Amino acid sequence: MSTATNKPPVSMPGDYRKTRREMSEDEYQKWVYKHIAWAWDGTHIVAGAENLGDLIEELRRRGIDTSKVVFDYMDGPETYL
Amino acid sequence: MSVVFAHMSYPSPAPVWPLLGRMSRPRPMIPLTITGPTGSWVCDGLLDSGADDTVFPEQIAALLGIDLTGAPAGSASGVGMVASQIRYAEVSLRVTDGGDVYEWAARVGFTSAPIKRALLGFAGFLQYFTATFDGENDVVELAPNGLYPGI
């Protein structure tokens, strides 16, 4: 069921999930164990850092609007519990 | 009406024995927008039926314009985690799969524990949906239930 009317259209990021699925192993390994920010168009990673605070600072330092990227984490191969 | 998300696959360097040799781990990740008084944050969150609360990293509160000073608080622990503080606030959450859009006011937690990503647990999230975890097709479907408040 959709939300109420009179709301502006939802601004959707691009298909970063598809980009992540299709990422080469070499590319993935560049970012593994890092917090990353996807570009809003979903085509590439704009920044990454060991911890979330550092990532936010990096984005700010570069003048990137933190509400216009998608935050993600590139897991290693360990089991989640 | 519902939203459907394919599991995200995380590559494994070796065959995953419990998954009969599959070369990746599928996880129910949901793209989500959390909005506060002055800002929003878009992320992939982990749908976690074992999590009591819906929890975000504490650094996000400032991005949203949320002051956690004096906020309702609790403590949390999980597998391998030491107890950590959670402070709560009311936010707006939005999920969409590009089709239907669901947005609602939710009481969520912010933690200083170094969580890797948002945890979408019962309070504030799963309490409002019937969630179907389809292991055969590697998708998760969320259909709003009678409690879903909408905005």
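These figures come from a predicted structure and were not determined experimentally.

Here we come to the pairing of strand 8 (residues 84–96) of chain B. All names here are of chain B. Relative to strand 8, strand 4 (residues 29–35) runs antiparallel, the two sharing three bridges. Note on strand 8: the bridge partner recorded for I34 is L93. Relative to strand 8, strand 7 (residues 73–76) runs antiparallel, the two sharing four bridges. Each bridged residue has a counterpart across the sheet, and for G74 the counterpart in strand 8 is I86. In sequence, strand 8 turns back onto strand 9 (residues 101–111) through a hairpin of four residues, with G98 there showing a positive phi of about 95°.

A word on the confidence of the model for chain B. For chain B, the average pLDDT comes to 93, and 97% of its residues sit at 70 or higher. The ipTM value of the predicted complex is 0.89, and its pTM value is 0.91.

Much of the literature gives interface size as the accessible area that the parts lose upon coming together. The interface of chain A with chain B comprises 26 residues on the first partner and 31 residues on the second. Among the secondary structure elements, those contributing two or more residues to the side of chain A that touches chain B are helix 1 (16–21), helix 2 (25–31), helix 3 (52–61) and strand 3 (69–73) of chain A. Here the side of chain A that touches chain B gets four residues from one element, more than from any other, and that element is strand 3 of chain A. The pairing of strand 3 of chain A with strand 5 (residues 40–47) of chain B spans two bridges and is parallel. Residue pairing across strands places V70 of chain A opposite V42 of chain B, the latter belonging to strand 5 of chain B.

Procedures and definitions
Residues numbered from 1 in each chain as written. Chains lettered and ligands numbered in written order. Predicted model: local features only at pLDDT ≥ 70, side-chain atom pairs only at ≥ 80, totals over all residues. Pairing = 2+ DSSP bridges. Helix = DSSP H or I, 4+ residues; strand = E, 2+ residues; numbered from the N terminus. pLDDT = per-residue confidence, 0-100. Contact = placed C-beta atoms within 7 Å.

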